[in-house]
Each structure stands twice: as C-alpha cells, then as structure tokens.
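What follows is the residue order along each chain.
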Amino acid sequence: MSTQETKNGSLFTPFNIIAGIILAAGLVVTIMRFTMGLGSVTNLSDNNPWGIWIGFDLLCGVALAAGGYTTSAACYIFGFKRFHGAVRPAILTAFLGYALVVFALHFDVGRPWRLVYPIFYQQGTTSILFEVGLCVFIYLTVLFLEYLPAFMEWKGGFDKYRGILVKLTMGLTIFGVILSTLHQSSLGALYLIAPSKLHPLWYTPYLPVMFFMSSMFAGLSMVICEGTLSHKYFHHKMDDEYNAGYLDLQFAFAKASAWIMAGYLAMKVLGLGMDNRWHYLFTGFGAWWLFEVVGFVVLPCYCYAVGFRDRNVGLVRIAAPWTVIGIMLNRFDVSLIAFNWQLPSADRYFPSVGEIIISLFVVTVGVLAFRFIVTRMPIFFVHPAYKDSSH
Amino acid sequence: MKRRHFLGLLGAAGVTLSTGVSAKAASSADVKGLPNSFGVLFDASRCIGCRKCEAACNVVNELPQPAKPFDDLTVLDTVRRTDAKSYTIVNKYTPEAGKPPVFRKIQCNHCMEPACASACFVSAFKKSETGAVVYDASVCVGCRYCMVACPFGIPTYEYNKVLTPRVMKCTMCQPRILEGKLPGCVEACPKEALVFGKRRELLNIAWDRIGANAGRYVEHVYGEREMGGTNWLTIAPKPSFAAIGMDENLGTTSAPELTSGALAAVPAVAGIWPVLLTGLYAISKRKEKIAEAEKQEAVEQAIAKTSAEAAEKLAAELAKAEAASKRHTEAEVKKALEAAAKAPEGGEDA
Amino acid sequence: MFNTLQDLMLHNKSVTYVLMGLVLICFIGFWRFLTGREERNRRY
C-alpha cells in the first residue's frame, strides 16, 4: 500500500482503485438518496423500517468499535502498562468507528438535519434510543479528546493544550467505560419494546446484558485483528515500544475474550432456562440459533482458549476474525433475521444495492481515514519530541 | 452538643419526614389514567367491507387519491396494511370455508400506553386527553423507531419524500372530536359497525352485545387489556380474532413497562461505575506499589548480601595477606639473624 | 398528576438524566477533595 506508493510514486495501487470505485459509487447513491428520497435507494418498507444501515452500520459499527474502551480500561484502570502502545490505535479505531456511525445515520434518518433535536430541543427521555443518542454523542466527544494529543503532537505548537488533555486521561477513560456500558447495552435494549416481533430465542430481558458482554469480546477481538493487519501494512510505522507489547497483548486479549465469551454463553443458556425456550431449539430458527451460538461463539471461544494455553498465536489470529464475524451475525440476527420472523417471506427484508453501496462507502471512508492518520501521526510510534510525556 | 445526641435527633427527623409527609416521589399509583377518554368500538360482525370509511378518512384528512378508487372492492382480495396514503384500510378474511367472509378495519388503536410515544426520542407522539395519540411532524427526525415499536404495525413512513417525510397514521380525527364531531370513518359507516363514545361506555356496550348474542361473538373485547389496553376496541364473531388477522399473543404488558427495567439500569451505572472503576484502579495501583516495594526490598537485600560477602572475602584476603607478610618479615628477620650470626668470625676490625 | 405511565416516566426520567449529569460532576469534585493532599503519582 504505502510502500508501493513511495516506490512507484503511483496512486493507483489495487487497493486504491477499488476504494476509488466504492467512493464514486457511494457519491452517486448519496446524491440519489438526497434528491429522490429513501425509497429510491433502499428496500426499507413500512413492515421493515430498519435495514442494514441500522443492523450493520449502527449495531455492528458500535460493537466493533468497543476496542477503545476495553483497551484503555485494560491499560489505565487495570494497570496493564505493557499494553500502552496499543491504546492509541484502539482509540483511533473507536473514534473513527463512532464518527462513521454518526455519518451513516445521516443517510438513514428521514431528516438528518434534525439529529440534534433529541439532545438539544425536545428530549424523549422514556426512549432507549434517546439514551443511545445521548451517549454516542458524548462518547464521540470523549474519543475525540483522547485522540487529539496524537494530532497535536503531529501538528506541533499545542503543548499546553496537549498537556491538559493528557492529564485528563484517567477521567476520560473511566467516563468512556461508563458511557460504553450504557450505550452498548442500550442498543440491545432497543428491542425490548417489540417482544412480538423478535423470535423468542433472541428476545430476552437479558438483551442489554448480552449486547454489553459481547461488545467486550468484540472490541478485544477487533484490536487483535487490527493489530495483525496493521503489522502487515504499517510495520514501518511501528516503534519498539509498540512491538514489545504486541504479542503479549494478543495473548492477554485472547485469554480475556475466552473468559468473557464463557460468561456470555452462560447467560445465553440461563436466558433460555428463565423463559423456558428449550423447545424452540428444535425448530428451523433453533438450528440457526445453534449455528450462531455454537458455530460463532462456542468454537472461537475454544480456539482462543487453546491458543492461549498453548501459546499458539496462529490460533488466536484465527479466533479473532471468527469472533468478529460472530458478533456481526448476532447483530444481524437480532435486527434483521430473527426480527419480523413471523412475516410471510414476501414481506421480509433484503438490502438493496444502494444500501450495500453506502455501507461499503462508509467503511471505505473509515479505512482511508485510518490509513491517512497512522501514516502521519504518532499512533504506532512515539513522537520523538514527546518521548518523556507520552501517554 | 454531643455527637450521639445529634445523630439521634437526625434519626428522629428522618423518621418523621418519611411518615408524616406523603411521598412526593411519584409511583405508578400516581397515574390517574384517562377515564373519560374517547374511543371507538368496531364490531367485525357488522362490517360489510364497503370501504366507505376509507373514503371518508381520505377526504377528511386530505390524503392523496389511491391507485384504485374506494368503490373498487376487488382491492379486498389482497390482504393490505396501512401505508403512507392510507390511515385506515379494510381487509377481507374467510375464517370458515363456505361461510360469508368477515371484514376488519385496521387503523391506529390509540393505545392507553402507546409504544410509539414510549419509543420516540423526541417525544413526537402524545396521548392526548381525548384519548387520541397524536403525532407532531415538526420535531420528528424520521428515525422510525416508532414503527419498530408498534406491536400492531400501524405507523407508516413517507419514504419517497426528501425534505418533509412524515410518519403517517390515524389521528382519531382529533380536530373533529375536539369540535364535538364524529371521526370521519365512524360518521360514514352505513352499518353502525363503528361506535364512538367514552371508552368505559364502549366496554359496557361491547360486553352487553356479547352477552345478548349468545354464542355469536368471541367472549373477549380486543383492546380491553392488550398491550396495557387500547382506546380502539374490537369485538368479533367466532371462531377467533386470529382468524381475522389479529395477534392474540400480545400480552397485557405495555411498552413503558417493557422498557422500564432497562431504563432503570442507566442511572445505576452512572452512580455505581465511577465508584467501582476508581476502586479497581486504586486496587491495581496498590498492588503495583506493593510489587514495587517488594522488588525494592529484594534488591536491597541482594545488595546487602553481596556487599556482606564481599566484605567477608576482603577481610579474609587481608588477613591472608597480613599473615603472608608477617611470615615474610619473620623469614627475613631469621635470615638477617643467621647472616649476623655468621659475620662476627672474620669481621671485627672491618 | 399524570395521565399515563408514559407521562409519569417521561417526567421521572427527565429529572433522572439531569441528576445523572450532576452526580458525575459531583463525583469529580469529591474525588479531588478526597485525594487532594496525596502525593501526586505520575499519571503518564
């Protein structure tokens, strides 16, 4: 990628070409969306008011950006100082993730210019969505403040403000964990209001707990994935401090993920028992539930466990993307597949080309922003001028 | 004042406050309900599927003309739902083959505890005193969570508008009922399948009718308690409500009740997490400090041990050196004495 | 007082959100009061 760039001086690497095509297509669909309405580019309907822009961009986006709060909590609250090098990349991933969620929401809601209404104009405080919106709004600000020192170090000349922000690290980290707990769980709680629409194997009063617990191992797994990929493509930007803690971090996060996944599985089973859902396991949806839970939680959990026990980083690096896919499957199940399960198939939802293009567009913008930032700003390395006071 | 005395006074004051004054904090006992709110009773056994109610609704609410006119009854051959141009529609069902069809009019049920109002994050829905659940398009962001929340699948959205898309649903003709008029659909019905009145009176009418026509109706008034109760009530001929497309598994728990648990957890996290997390941080800091201190001690001990050993070794070497030097000196002295003992024989006058 | 549970909860939750904000601010203030005279450890 960047190495190719500097070698040939050419902007037209395969990755850039594909990214360019997606950006172009995205722009076209954006124009259509904002000149002809949601109906012209989506398969949304009165029966299916929420599609992949909610199921993927919002639900998956927020779950997978959870690496920010988990890594900074591990480093600053639980005292794992050797993971210090991983905090900035995780915070950057989270910041871009949440920024993109907000960006994607501008496509989905009918009147995006009114997105600030619930916070500043008229507060629907009985709504779980209000709580999600408020938390995401505040948390995006927190993440921005946590990312800002890297930007300031790059730009130079902001030492006083950078110093203030660095002093706030502990407070911002704790506040970040509070906010993350709230909105990660609330995304699950959104569906509590529609018991008649969500299949009994997925509908449980424990939905908020499920979403919160899974967000933890989603974030940890994303950090492992992002680290593995970054090592491949941005190795030249990494310094000794980052590299020293890198392998240790992947093992520690594997251990933590396996443990939390075990707790999550326990809650899944207990949830079935609480509401006496066992007989649903023998239906078609039951098979699908088992596919999701056994295939994408039990198995990657075991993979993580063996990988940690045997100090086999290869297994860890298989378990991580496996887990990430499992999270996405769970969010799709709750929002799109097990939701409206009783509707006749003619009335069920499938994303349109326009919706898929926009979702790809949003992810591509994020990846490009990530690349831009890490190849210039002190994310994987410590800025030489700030070696002593680096946070 | 002695501390014990002070605390005793505090305690007494607390007890007095909690028992003497009525609790200002609201509980669900403070919910009055709207006993005089209006509603509509729909009798599915009287409906003939003429669609005059749909036509009247369209006129009263100034909705756009549909593709097929309202007197086209072939429309009833497909099961429809409300849409952005139709606040209400009539569906035809055939619960028992060979018997005449039963018709059902579908529109917003104006729930007593509306899920749409509970779900809306800008409070765009309000249950008014008349019983109508009204929508305020001037604050709506278009998130469509109300559509997810409504258990009856009623709200629709103007997906084809760019600047002013709205959620569309029956208003119970709020402007008309405030003027003392009947809702458009009720006024237009030629068969008195729709009756407008106070909800509690409608319940009486419904149960009277069920009792007076033994065996004809299902012995249940739909909407009496479903989802916490609705202002739009339905009675239906046998065999069932399910046979005319109504969900019999909704339960009686209202939307606010379904979400109150999750909402209650929010302040608990805000109150407890700061304490918990700073506590964890303090514990890990303390562990680190103890580990540091133990390490320091181990280093100091090691230093002390090695310097003690070194000192011992030094002393041993010194002693050895001293002994060696002593022996050397003694040897020299001996040699000198021997030499001196030999010398006197030939050197007296040297 | 309140016509519906919805109205009651709207009122209660609104008050609660405001209180949550105040509580978090007070926590910060109290923390500084409590630990103000401790030896300052290097916080990265």
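A. A look at the packing of aromatic side chains. Using the criterion set out here, one finds 30 aromatic pairs over all chains in the structure. An aromatic cluster of three or more residues is present, and its members are Phe34(A), Trp53(A), Phe103(A), Phe107(A) and Phe361(A). Note that Arg331(A) overlies the ring of Phe211(A), its terminal NZ or CZ placed 3.9 Å from the centroid. Positioned above the aromatic ring of Tyr157(B), the side-chain terminus of Arg144(B) is 5.7 Å from the ring centre.

B. Quick peek at unusual backbone geometry. Between Lys238(B) and Pro239(B) the backbone carries a cis peptide bond, its omega angle lying at 15°. Positionally, Pro239(B) belongs in the loop between β9 (232-235) and α8 (255-342). Positive phi is not limited to glycine here, since Asn340(A) has a value of about 65°. Topologically, Asn340(A) is positioned in the loop between α14 (313-337) and α15 (353-374). A positive phi angle, close to 70°, is found at Arg144(B), a residue other than glycine.

C. Structural context of the nonpolar core. Grouped together as the largest cluster of nonpolar side chains are 160 residues, with contacts concentrated most on Tyr191(A), Leu198(A), Tyr304(A) and Tyr145(B). Sorting elements by how many residues they give to this core places helix α12 (residues 240-275) of chain A first, with 14 residues. Aside from chain neighbours lying at most four places away, what touches Leu198(A) is Tyr191(A), Tyr203(A), Leu207(A), Val334(A), Ala338(A), Phe339(A) and Trp341(A). One finds Leu63(B), Ile154(B), Leu194(B) and Tyr222(B) within the second-largest nonpolar core, a separate group that totals 41 residues.

D. Spatial organisation of the pairing of strand β2 (residues 89-93) of chain B. Residues and elements named next belong to chain B. Across the five residues of β2, four count as buried, placing the element largely inside the fold. Where β2 lies against strand β3 (residues 102-106), five bridges are found, and the strand directions are antiparallel. Bridge pairing links Lys92 to Phe103 in β3.

E. Structural detail: the side chain of Thr125(A). By the element assignment, Thr125(A) lies in the loop between α7 (117-120) and α8 (128-155). On the accessibility criterion, Thr125(A) (3% relative accessible area) is buried. Reaching out from Thr125(A), the side chain makes a polar contact with the backbone oxygen of Leu10(C) at a distance of 3.1 Å. When sequence neighbours within four positions are dropped, the list of residues in contact with Thr125(A) reads Phe130(A), Leu263(B), Leu10(C), Lys13(C), Ser14(C) and Tyr17(C).

F. How the structure looks around the confidence of the model for chain C. Mean pLDDT over chain C stands at 85; residues scoring 70 or higher make up 86%. This prediction of the complex comes with two scores: 0.88 for pTM and 0.93 for ipTM.

G. Focus on the interface of chain B and chain C. On the side of chain C, 19 residues touch chain B, which itself brings 30 residues to the contact. Buried surface at the junction of chain B and chain C, summed over both partners, amounts to about 2100 Å²; 65% is from carbon and sulfur atoms. Our enumeration of links across chain B and chain C arrives at zero salt bridges. Where chain B packs against chain C, one counts seven residue pairs in polar contact (both at pLDDT 80 or more). Those elements that provide at least two residues to the side of chain B that touches chain C are α3 (115-119) and α8 of chain B. In terms of residue count, α8(B) provides more of the side of chain B that touches chain C than any other element does, 14 residues in total.

H. Layout of helix α2 (residues 52-60) of chain B. Buried residues of α2(B): Cys53(B), Glu54(B), Ala56(B), Cys57(B) and Asn58(B), and no others. Those residues of α2(B) that are buried lie in contact with β2, β3 and α6 (184-188) of chain B.

I. Geometry of the packing of α8(A) against helix α10 (residues 169-189) of chain A. Residue and element names in this part refer to chain A. Between α8 and α10, whose axes approach to 9 Å, the crossing angle comes to 150°. Judged by the angle between their axes, α8 and α10 are roughly antiparallel. Like other packed secondary-structure pairs, α8 and α10 cross with a definite hand, here left-handed. For the pair α8 and α10, contact is made by Ile128, Glu131, Val132, Cys135, Val136, Ile138, Tyr139, Val142, Leu145 and Glu146 and by Leu172, Thr173, Phe175, Gly176, Leu179, Ser180, Leu182, His183, Ser186, Leu187 and Ala189, respectively. Tallied by class, the residues present in the contact of α8 with α10 amount to 14 nonpolar, five polar and two charged.

Cut-off values and rules
Residue numbers restart at each chain and count upward from 1, following the sequence in its written direction. Both sets of labels track the order of writing: A upward for chains, 1 upward for ligands. Note on the predicted model: pLDDT of at least 70 is required for a residue's local features to be given, and 80 or more for side-chain atom pairs to be given and counted; whole-chain, interface and lining totals, by contrast, use all residues. The basis for every side-chain value is the complete set of non-hydrogen atoms in the structure, without hydrogens or water. Two aromatic rings from Phe, Tyr or Trp, using only the six-membered ring of Trp, form a pair when their centres are within 6.5 Å; if the ring planes differ by under 30 degrees the pair is stacked, by over 60 it is edge-to-face, and anything between is tilted. Any Lys NZ or Arg CZ that is within 6 Å of a ring centre and within 35 degrees of that ring's normal is treated as a charge sitting over the ring. Each helix is a run of H or I in the DSSP string that is no shorter than four residues. Each strand is a run of E no shorter than two, and both are numbered from the N terminus. Take the buried Ala, Val, Leu, Ile, Met, Phe, Trp, Tyr and Cys residues and link them wherever side-chain atoms come within 4.5 Å; each set so joined is a nonpolar core. The classification of residues rests on relative accessible area computed with a 1.4 Å probe and restricted to protein chains. Under 20% of the type maximum is buried, over 50% is exposed, and intermediate values are partly exposed. Only heavy atoms enter the contact rule, under which two residues are in contact if any of them lie within 4.5 Å. At least two DSSP bridges between two strands are needed for those strands to be called paired. As used in this structure description, the phrase polar contact means that two N or O atoms lie within 3.5 Å; if the pair is within protein, one of them must be able to donate a hydrogen and the other to accept it, and residues adjacent in sequence are counted only when both atoms belong to side chains. pLDDT runs from 0 to 100 and stands for how confident the predictor is about each residue. The quantity reported as buried area is the accessible area (1.4 Å probe) lost by two parts once they are put together, taken as the sum for both. Think of a salt bridge as a Lys or Arg side-chain nitrogen and an Asp or Glu carboxyl oxygen that are within 4 Å of each other. For every element, the axis is a line fit to its C-alpha atoms; helices are fit only across the contacting stretch, and the angle between N-to-C directions ranges from 0 to 180 degrees. Here the angle decides the label: under 35 degrees means roughly parallel, over 145 means roughly antiparallel, 65 to 115 means roughly perpendicular, and every other value means oblique. Should the near helix be turned anticlockwise from the far one by less than a right angle, the crossing is termed left-handed; should it be turned clockwise, right-handed. Residue polarity follows a fixed list, in which Ala, Val, Leu, Ile, Met, Phe, Trp, Tyr, Cys and Pro are nonpolar, Asp, Glu, Lys and Arg are charged, and the others, Gly among them, are polar.

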